[in-house]
Structure formats: structure tokens, C-alpha cells
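# Summary of structural features
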Amino acid sequence: MPSTENLTDNYFVARSVYSENSFLEENERKVRVPKTLRDRLAKRCSCTTKRALGITKSLLPVLDWLPKYKLKQWLPGDIISGLSTGLIATLQGLAFALLAEVPVGFGLYSAFFPILPYFFLGTSKHLAVGPFPITSLMIGSLILSLAPDEKFLISSNMTEFSNETVVDIAARDAQRVVIASTVTVLAGIIQLALGAAQAGFIVRYLSVPLVGGFTTAAAFHVFVSQLKLVLSVPTQSYIGILSVIYTLIDIFRNIRQTNIADFVAGLITFVVCVVVKEINVRFKDKIKVPIPIEVIVTIVATGISYGANLKQKYNAGIINSIPTGFLPPTPPDVSLFSQMGASAFSIAIVGYAVAVSVAKVFGTKHDYAIDGNQEFIALGISNIFAGCFASFLAGTALSRTAIQESTGGKTQVAGLLTAVIVMIAILIVGKLLEPLQKAVLAAIVIANLKGMFWQFFDVPVLWRQNRVDCLIWIVTWVASILLGLDLGLLAGVCFELLTVVLRAQFPVSTALGNVPNTDIYKNMKRYKNLIEPNGVKIFRFSSPLFFGSVDYFKERLNSVVGFNPVRVFNKRTKALKKIQSLIKKGQLRATREGIVTDGSVANEGFEDDEEADEEPQPDVPTKEIQVDWNSELPIKILVPKVTIHSLIFDFGAVSFIDIVGVRIFKMVVKQFSRIGVTVYVAAYEDHVVKKLEKCGFFDETLKKDMFYLTVHDAVVHIHTLAMYKDIQDPIFEKISLMQELKEPLEDVEDDVEELEDQNQGHAGFGY
């Protein structure tokens, strides 16, 4: 078989030159009959057995995959996955509760309740639903703003001489749980509403660079919030702008008050977790089930804390109390909705965006589809349900989902088993973890941030690949660090949209040249050996033509053609008035050879074209004078040279045009036409022509015959007109001579035959 490197692919096409009109003459357009509102409602509201079953399965995906469940093949993997993920989910629930600023035990509720509705409603088979560190931290920031310690100060009444104030921890924690559950319900309502409105597309505005910068900044916030627990140093609760900076200052200011027992426990936990996790990654092919190092460390740390009595001897910070059993459902505090609306929206979007992104990764890996709108509904109902049971918002953590998938999980049956393990911890095991140091949980959280911090290495890659995306990453990261996660996310989205607007408003626009002997046209500045058709400019504008880009369109067009048509017209008008005035005075004469001066008359009054003091005489004759503006005029009038006779607009990248764009484009076409430059439009979309028709672009002078299907069609048409013109003038001259000299025409038929030969096979024409 011959090598593909030695093969040359050629094709030859011979066809007519197609303008819009000539193409429609040979190719009839399909007639689209728009559906009436009644037809659309009838289709939407029609109900058949098949349609009803499809809607039911889309709302309850469990009805689709559960009947197909392969018990013998899938159940063993789901059992192992559920047990492994359940242990991790239990510890992450406890740890992430610290981020959410609620009592640790309530993290177990957040790891249990959201799983139940998602089992029935979710479209992902591998998503491990539960607390997510970033949303937990965002909830914690909201809680600190609505329920700071200062609101719960009470008198200690230790002695009759001292009246110190202390924080009423019981009242504070109770209020914080109410706030956490209320914002979770509100975020769930927002997610449910967006899902019902089919607004799953909203996550597309969170680009990969934006999410990378935001999650890396969030990881830094999480690190700082857990660092103070590892060191066990006192700090104030800061919220809002620069809060993370103020917290760092407090940590280093009080670094001498570090609790050695907590610091050593946290440091050892961090090192062990990082090392074992690295072993799990490097030897994942040999280790079928990852080593549950968090579970092992927690058990060992709890035993050491209990046996050594670290609380009493070293004043170590321990969990101290984990409630046993479930709390009865309670409604959210609706009065708080108005104070947390903006925060709830951002928390809902972040939780959804991360969960769907992770779900799509594993959906692609295992070849099944993720319905973004249904995920909105599933997560919304899960959070509403969980919020009524004193839980905080659920999404997913990549590490937890990765464990559920890597340990053999096939379906959400593994999720149910995860919930069973967490339930056992709530009912039985929870009390046994009360001696566990908070520093150990904080170190586990920090160890799990490695993947997020590693995203810093994406910055150099982004800088080499696309600097705009790199700027989005950096701006989002800096804004999220300095302004807080809520405002930082908003700033990142605004900057991202700004880059889109600027790229649409200031797009790439170039002059095109022809690849010799082809119908291909490329950027003149990028390629060598391109040939620009004589007297023709081809202008490509790579953006929609709308109100935001029309000014740049005109600016770039004037730069490409090398002159401003309005200025040319004004200069020519001014020069004509002066010429007519001098002809009337006898200082100039108009002849067949052009305009000549009378040698006996001095050429005065024409110093520079910038002078406009001389007003035209009211009796200047309006007789039309033909002037070759590109030749040397016999007077001192500086008129810009126009070296082209045709201008082709390549509209292949113009996806839409608005009414402002139509008006400006029509004005531009007429500006060029009045200085003798014929305008053509090529490679346009049909809907662009339709919009031009609706907006009144076409009139007696602007017709559809200026539109050509390709750039090459327009160039060949211009070339054909030029050849006809070159032959037409000598024919007329010979006819005139024949009438005067009575001589026969010679070689005229040969010229016509030569023209016909040159017009065959336009597709191979090249400059």
C-alpha cells in the first residue's frame, strides 16, 4: 500500500459563477411553514403511553437503570465501593462541618440525607453526594456574618467583683445550625427552580480557567481556616474583603500560643495522609482498594487522645460532643431568606457546577449521558430534603467520587450503602469519636487540598496556550483571595464576560490574498507567495457585525484599503468645485486628454488641500467633468489616491448582524460606491441576507447581485468584467474609425473568441 505522504490529492471543478440571484435560479429554496402556537401547544400537551413513560423516566432515572441492574456482576463492586466511600464520607462530614462553622456532628447528617433523594433522581451512576469543602466554607462565611460570636456574649458572673463576658456556645451553635439549614433549603429551591426552567446551560459561563482559579483560591481560604485549628491559636472571626489576610495576620501574631499537642497531631496526620495518598496513586494498579488512611489515622488519633487524656493534660481541642440519633425535621427560617439570597445563589451555582463537572468526567469515562437540567432538579430536591434535617449544602468532593468509582462502584446502589455506613456512625460510632482532636480533622482537610493547589501549575501552560484564559484564571484567583469567595466568583464571571465582549468587539480582521492557481484565500500577513487581485481588496471580518463592533469594523476597513472613503469624497468634491471655478475663469481647460492649465495664467489659490477658507462661487457651473483622480493633477490639490476599483467583504465569520450593523454597512457600501469602488459580499450566511432584507438594506442601487457564494466567485466575476472592458473600448474605437475612414473591422472577431476562451473553467483561475 503506498504511503500517504507520497499521495497528492487533487480536485478540479468547472461551474458557473454564482451570485445570490443566479444560485437561487438554479436551486430553489425550501419553504418553511412556521408552526402556529396552537400546533406547538398541541405537541407539548399531547400525551401518549410512550411519552408519559419517557417523562417519568427522565424525572426518576432510577426507573431506567434499576430494572437493568446486573445483580451478580455489579453488586460485589457496589458493596466494596459503598463500604470504602462510607468510611471516607463519615470523616469528611465531620471535617467539613468545621468549615461550615457548625458543630461537628451535624456534618454526619450532611453526609447522609442528600444521598437518599439523589438515588432516585440523579443521572450520574458514580457521583458521591455529600459535603463539599468550598461550599462548606462559603456557608461558614455566611454564618460568621449573620451569627458572629459578638451576638452571643453573656455575663459569666464568676464572682461578685468580676463581671466578664463569655460566648453562649449552646445558643450560638443552635442559631448557626438554623442558618446553615436555611441557606441549604434556599439554595436547593434555587437549584430546583433553575432545573425546572431548563437552565442547565448556566454552568457553561463558568469556564475551566475560571473554575480553576476559583477553586485554587477557595483551597487557600480552606487552608487558612484549618491552619488556625491545627495550631489551635485564638483568632477573631473576619468576614468580607481581605478577611483571609486579616486571619493570617492574627495567626502569626498569636503563633506563640500554639498548642503543641494539637500541632504535633495535625502535622503527623498531614504527613501520613499525604504520603499514603501518594502511594495509593502510584501503585493504584497493584492496590485494588485504596488504603483508607483517613480512617486509620482517625482511629489511632482517637485512641491516643482518649488514652493520654490530651484534653485534660494539654488542653487539646477535641470534638467533645457528637449527638446520637436523628433530629426531627424542622422548617427553615424564612425570615432569613432576604439576608442570604445572593449568597445562596452563588453557593447553589458553585455546588451544582462542581458536581456536574465531576459527574461528566465519570459519565464520559463509562459512556453514559449526564442530564444537566435533571442534575439541577436532583441536587435541588436533595438539598431541600437535607436542609429540613439540620444539614448543610451537598454537592460532591472529587476525592470521594474517585474512591467510589475506583473501588468498583457501578451504580448509586453504592451510594445507598455509603448512607448505611454513615447512619451507623450517627447511631452508634459517633460517641466513640468524641475524644478526637479537631486538629486531626483539620489536617485531613488540608491533606485533601493537594489536588486543588496543584492547579497552580496550570498557569504557565495557560500562558503559553492562551493568555486571555490565563488572565481569567489569575483575575479570578486574586479576586477570590482578596474579596472573598462570593465577590471573587462574581468578579471572575464579569471579567470572563468582558473578555468575550472585547474579543467580539475587537476581532481579527485581515486583507486576504489568493493562493496561486486555487480558489483559496488566506491572510496576506501570515503567508508568503499570496497574490492580491489587481485593483481588488478582499476584507475579512471575524465577528458578528453589531452595535459594539461597527466602529472597529469601519476603522479596520479604512486601514486595510488604505484610505477613508468619506475623506476621499470630500476632497474630490472640494477639488471639483475649484476646478469648475478655474475653468469658468479660463485658467483651466477640459480636453479629451484631461484637464490642462493655460500657461499664461498663474496657478494661484491652491496651496494645500487642508485649506478650506475659500467658499465656492454661487454661479459655478454644474457641468460634469471627468477627472482621473489617480493621475497627476495640473494644480496643487492633494486628493488621496484610490488604487482599487472593487472591494469584497468576506462574511464567512459574520454569524449575525443587528439593525445598527445593517445601517452602518449600508452607509459604508454607499460611501465606497460614490467614489467609484464597487462593493461585493461573499461567503455569507443565508440568515444574514434575510436580516438585511428585513432591515431595508436593499434598494434601487443595492441589489442582491452584489452577493456571491464564495470569494472566488466574486473575484472571477470582477476579472470577467475587467476583460470585457479591455476589449470593449478598442471595438468602439474601431467602429468610430470605420465610420470615418470607411475601412472594415480587423481582428475584432479574434478578440471576442479570445475572451470566450479565457472565461472557461473559472475554478482553476488564479492570480
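Residues numbered from 1 in each chain as written. Predicted model: local features only at pLDDT ≥ 70, side-chain atom pairs only at ≥ 80, totals over all residues. Heavy atoms only, no water.

Assigned secondary structure in the protein chain consists of 29 helices and 12 strands. Within the span of the protein chain, comprising 767 residues, buried residues form 45% of the whole. A sequence separation of at least 24 residues applies to 80% of the contacts in the protein chain between residues at least 6 apart. Only carbon and sulfur atoms are counted for the fraction: they give 60% of the accessible area of the protein chain, which is about 41100 Å². (Helix = DSSP H or I, 4+ residues; strand = E, 2+ residues; numbered from the N terminus. Buried < 20%, exposed > 50% of the residue type's maximum accessible area, 1.4 Å probe, protein only. Contact = heavy atoms within 4.5 Å. Areas by Shrake-Rupley, 256 points an atom, 1.4 Å probe, with all protein chains shown as cover.)

Right, let's talk about the nonpolar core for a bit. The biggest cluster of nonpolar side chains holds 102 residues, and the ones touching the most others in it are L94, V102, I134, I139, M340 and L441. Ranked by residue count, the leading element in this core is helix α15 (residues 337-365), at 14 residues. With residues near it in sequence (within four places) discarded, L94 still touches V104, L108, I322, L433 and L441. Grouped together as the second largest cluster of nonpolar side chains are 37 residues, I644, V662, F665 and F707 included. (Core = buried A, V, L, I, M, F, W, Y, C linked by side-chain atoms within 4.5 Å.)

When its volume is computed, the second largest pocket comes out at roughly 1200 Å³. For the second largest pocket, the lining is made up of 36 residues, of which L98, E101, R172, L229 and K438 are closest to its centre. Sorting the residues of the lining of the second largest pocket by element identifies α5 (71-99), α9 (169-196), α10 (208-231) and α19 (438-447) as the ones contributing at least two each. Among the residues forming the lining of the second largest pocket, the class breakdown is 17 nonpolar, 10 polar and nine charged. (1 Å grid on protein atoms, 1.4 Å probe; cavity = no way out; pocket = protein on both sides within 12 Å on 5 of 7 lines; lining within 4 Å. Points joined across faces, edges and corners; volume = space filled by probe spheres on them. Nonpolar A, V, L, I, M, F, W, Y, C, P; charged D, E, K, R; others polar.)

Side-chain positions along a regular strand alternate between the two faces of the sheet. Across the six residues that make up strand β5 (residues 509-514), a large majority, six, are buried. Of the two faces of β5, the one holding S509, A511 and G513 and the one holding T510, L512 and N514 are both buried throughout. Across three bridges, the pairing between β5 and strand β7 (residues 536-541) is antiparallel. By the bridge assignment, A511 is partnered in β7 with F539. Between β5 and strand β6 (residues 521-523), which pair antiparallel in sequence order, lie six residues; one of them, N517, sits at a positive phi of approximately 65°. (Pairing = 2+ DSSP bridges.)

So, on to the packing of aromatic side chains. A full pass over the atoms with the stated rule returns 38 aromatic pairs. A centroid spacing of 4.4 Å and a plane angle of 15° characterise the contact between F113 and F389, whose relative ring orientation is stacked. One end of the pair, F113, is in the loop between α6 (106-112) and α7 (115-121); the other, F389, is in the loop between α16 (372-387) and β4 (394-396), with 276 residues separating them in the sequence. The structure contains a cluster of three or more aromatic residues connected by ring pairs, namely F539, F541, F553, F649, F651, F665, Y684, F697, F698 and F707. It is R674 that lies over the ring of F569; its NZ or CZ is 3.9 Å from the centre. (Phe/Tyr/Trp six-rings, centres within 6.5 Å; stacked < 30°, edge-to-face > 60°. Lys NZ or Arg CZ within 6 Å of the ring centre and 35° of its normal.)

Right, let's get into a positive patch on the surface. Judged by side-chain charge, K35, R40, K43, R44 and R51 come together as a positively charged surface patch. Considering every element that reaches the positive patch, the biggest residue donor is helix α2 (residues 37-45), with three residues. Mapped onto the elements, K43 comes out in helix α2. We classify K43 as exposed; its relative accessible area is 58%. (Patch = residues over 30% accessible without salt bridge, like charges linked within 9 Å, V, L, I, M, F, W, Y side chains within 5 Å. Salt bridge = Lys/Arg side-chain N within 4 Å of Asp/Glu carboxyl O. Lys, Arg positive; Asp, Glu negative; His and termini not counted. Charge placed at Lys NZ, Arg CZ, Asp CG, Glu CD.)

Attention now moves to the sheet that holds strand β11 (residues 678-682). With mixed pairing, the six strands of this open sheet are ordered in space as β6-β5-β7-β10-β11-β12. Each end of this open sheet is capped by a strand with a single partner; those strands are β6 and β12 (707-708). Here β7 pairs with strand β10 (residues 646-650) via five bridges, running parallel. The residue of β10 that forms the bridge with F539 is F649.

So, about helix α8 (residues 133-146). The first and last C-alpha atoms of α8 sit 20 Å apart over 14 residues, in line with the 20 Å expected at 1.5 Å per residue. Every buried residue of α8 is accounted for by P133, I134, T135, S136, L137, M138, I139, G140, L142, I143, L144 and L146. (Expected span 1.5 Å × (residues − 1).)

So, on to the packing of α8 against α10. At a closest axis distance of 10 Å, the pairing of α8 and α10 adopts a crossing angle of 60°. Considering the angle they form, α8 stands oblique to α10. Seen from above, α8 lies across α10 with left-handed handedness. Of the residues in α10, those in contact with P133, I134, L137 and M138 of α8 are F214, T215, A218, H221, V222 and S225. (Axes fitted to C-alpha atoms, helices over the stretch in contact; angles between N-to-C directions. Parallel < 35°, antiparallel > 145°, perpendicular 65-115°, else oblique. Left-handed = near helix turned anticlockwise from the far one by under 90°.)

All right, on to unusual backbone geometry then. The phi dihedral of E101 falls on the positive side, at around 60°, and the residue is not glycine. One can find E101 in the loop between α5 and α6. Unusually for a residue other than glycine, N309 sits at a positive phi of about 50°. Looking at the secondary structure, you find N309 in the loop between α13 (293-308) and α14 (310-314). Residue classification places N309 among the partly exposed residues on the basis of a relative accessible area of 34%.

Moving on: the side chain of S181. With respect to the secondary-structure elements, S181 resides in helix α9. Judged by relative accessible area, which is 7%, S181 ranks as buried. For S181, the side chain forms a polar contact with the main-chain oxygen of V178, separated by 3.0 Å. Here S181 is in contact with G387, A390 and S391, once residues within four sequence places are set aside. (Polar contact = N/O pair within 3.5 Å; in protein donor to acceptor, adjacent residues only side chain to side chain.)

Burial of β11 is extensive: four of the five residues sit out of reach of the surface. In terms of strand pairing, β10 meets β11 through five bridges, oriented parallel. In the strand pairing of β11, F649 is matched with V681. In this fold, β10 hands off to helix α26 (residues 659-673), which returns the chain to β11; that crossover is right-handed. The sheet contact formed by β11 and β12 spans two bridges and is parallel. Residue pairing for β12: V681 is matched across the bridge by F707. Once you follow β11 into helix α27 (residues 686-694) and on to β12, the crossover reads as right-handed. (Right-handed = clockwise from strand over helix to strand, strands pointing away.)

Take the environment of I384 next. Within the secondary structure layout, I384 lies in helix α16. Considered as a pair, I384 and P117 are 267 residues apart in the sequence and their alpha carbons are 9.8 Å apart.

Once that is clear, we can look at the confidence of the model for the protein chain. Looking at the protein chain, pLDDT values average 84 and 87% of them are 70 or higher. Throughout residues 599-622 the model reports pLDDT below 50, and contacts reaching past four residues in sequence, or to other chains, amount to 33 contacts. Low confidence marks residues 729-767, where pLDDT is under 50. Its contacts with residues over four positions away, or in another chain, come to 38 contacts. (pLDDT = per-residue confidence, 0-100.)

Two elements in contact, α10 and α19, have axes whose closest approach is 8 Å; the angle formed by their N-to-C orientations is 155°. Viewed along their axes, α10 and α19 adopt a mutual orientation that is roughly antiparallel. Crossing of α10 over α19 shows left-handed handedness. Note on element contacts: α19 touches α10 through A439, A442, A443, V445 and I446, opposite V222, F223, Q226, L227, L229 and V230. Partitioned by chemical class, the residues of the contact of α10 with α19 number 10 nonpolar, one polar and no charged.

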